Amino acid sequence: MKIAVTYENGQIFQHFGHTEQFKVYEVEDGRVVSAQVVDTNGSGHGALADVLRVLGAEVLICGGIGGGAQMALAQAGIRLLGGVSGDADAAVDALLRGELTYNPNVRCDHHDHHGADHTCGDHGCGGEHHCH
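Novice: So what exactly am I meant to see when it comes to the pairing of strand 1 (residues 2-8) here?
Specialist: Looking along a regular strand, one sees the side chains alternate between the two faces of the sheet. Burial analysis of strand 1 places 5 of its 7 residues in the buried class, the great majority of the element. In the sheet, strand 1 pairs with strand 5 (residues 59-61) via 3 bridges, with the strands oriented parallel. Bridging across to strand 5, Ile3 finds its partner in Val59. Direction of pairing for strand 1 relative to strand 2 (residues 11-12): antiparallel, over a ladder of 2 bridges. Within strand 2, the residue paired with Tyr7 across the bridge is Ile12. Hairpin connection from strand 1 to strand 2: 2 residues lie between these consecutive antiparallel strands, with Asn9 at a positive phi of about 50 degrees.

Novice: Mind showing me how you'd approach the pattern of salt bridges here?
Specialist: Side-chain pairing between opposite charges can occur once the charged atoms of the two side chains come close. Overall, the coordinates contain 3 salt bridges when judged by the stated rule. In this structure, Lys23 and Asp89 form a salt bridge, with 2.9 Å as the shortest nitrogen-oxygen distance. Separated by 66 residues along the polypeptide, Lys23 in strand 3 (residues 21-28) and Asp89 in helix 3 (residues 88-96) bring together distant segments of the chain. Residue classification places Lys23 among the buried residues on the basis of a relative accessible area of 12%. The class of Asp89 is partly exposed, set by a relative accessible area of 35%.

Novice: What's the story with the side chain of Lys23 in this structure? I'm lost.
Specialist: At 2.9 Å, the side chain of Lys23 forms a polar contact with the side chain of Asp89. The contact partners of Lys23, leaving out residues within four places of it in the chain, are Ile3, Ala4, Val5, Tyr7, Ala35, Gln36, Val37 and Asp89.

Novice: Please explain the environment of Val38 as it appears in this structure.
Specialist: Locating Val38 in the fold gives a position in strand 4 (residues 31-39). For Val38, a relative accessible area of 17% gives the class buried. As a C-alpha pair, Val38 and Phe22 span 16 residues in sequence and 5.3 Å in three-dimensional space. Here Val38 is in contact with Glu20, Gln21, Phe22, Val24 and Leu55, once residues within four sequence places are set aside.

Novice: Would you mind showing me how to read the confidence of the model for the protein chain here?
Specialist: The predicted coordinates should not be examined in detail at positions where pLDDT is low. For the protein chain, the average pLDDT comes to 83, and 78% of its residues sit at 70 or higher. Taken as a whole, residues 109-132 scores under 50 in pLDDT and shows 34 contacts with residues more than four places along the chain or in a different chain.

Novice: Looking at this model, I keep getting lost on helix 3. Mind explaining?
Specialist: What sets the pattern is the α-helix's 3.6 residues per turn: residues three or four places apart point alike. Restricting attention to buried positions, one finds in helix 3 the residues Ala88, Ala91, Val92, Ala94 and Leu95. One side of helix 3 carries all its buried residues, which in axial view fall inside an arc of 160 degrees. Buried residues along helix 3 sit in contact with strand 1, strand 2, strand 3, strand 4, strand 5 and strand 6 (79-81). For helix 3, the N-terminal cap is Asp87; the gap from its side-chain oxygen to the backbone nitrogen of Asp89 is 3.1 Å. A positive backbone phi angle near 75 degrees is found at Gly98, which sits one or two residues after helix 3.

Novice: In this structure, what is going on with the nonpolar core? I would like to understand it.
Specialist: When a protein is soluble and globular, its nonpolar side chains tend to lie buried together. Within the largest apolar cluster, 19 residues are counted, with the highest numbers of intra-cluster contacts made by Phe16, Phe22, Leu52, Leu60, Ile65 and Leu73. Where this core is concerned, the elements lending two or more residues are strand 3, helix 1 (46-55) and helix 2 (67-75). Take this core: its biggest share by element is 5 residues, from helix 1. Filtering out sequence-adjacent residues up to four positions away, Leu52 remains in contact with Ala4, Phe16, Phe22, Ala57, Leu60, Leu73 and Ile78.

Rules used in this analysis
Residues numbered from 1 in each chain as written. Predicted model: local features only at pLDDT ≥ 70, side-chain atom pairs only at ≥ 80, totals over all residues. Heavy atoms only, no water. Buried < 20%, exposed > 50% of the residue type's maximum accessible area, 1.4 Å probe, protein only. Helix = DSSP H or I, 4+ residues; strand = E, 2+ residues; numbered from the N terminus. Pairing = 2+ DSSP bridges. Salt bridge = Lys/Arg side-chain N within 4 Å of Asp/Glu carboxyl O. Polar contact = N/O pair within 3.5 Å; in protein donor to acceptor, adjacent residues only side chain to side chain. Contact = heavy atoms within 4.5 Å. pLDDT = per-residue confidence, 0-100. Arc of directions from axis to C-beta. Core = buried A, V, L, I, M, F, W, Y, C linked by side-chain atoms within 4.5 Å.

Written out as structure tokens, the structure reads:
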């Protein structure tokens, strides 16, 4: 299984459509056997789902993600675990232990927002989570 994470300087990058790198983890028998950082080469939004599909990713861990990108991931057969922040390696380890906390209803779309700290409730996605 391959798990991809939006990636920047060891952390989970918080805006899927603007991520410049993915860290892709190869998992066998419940443990990471290899990992590599892959540049997205400036691809955005829907095209990023194709990048992940070509990489063979089955799961994506990310922070905020818009509805269009979510649909593209679903069409590519990639499971989305959104609303996650912090250290990328730690998130993958938590997922493999069955302990990853994520938001199954993440619906953040940052296109109209320029501030780094807002709640999704401000633009109608509901919930009290932050999607920096």
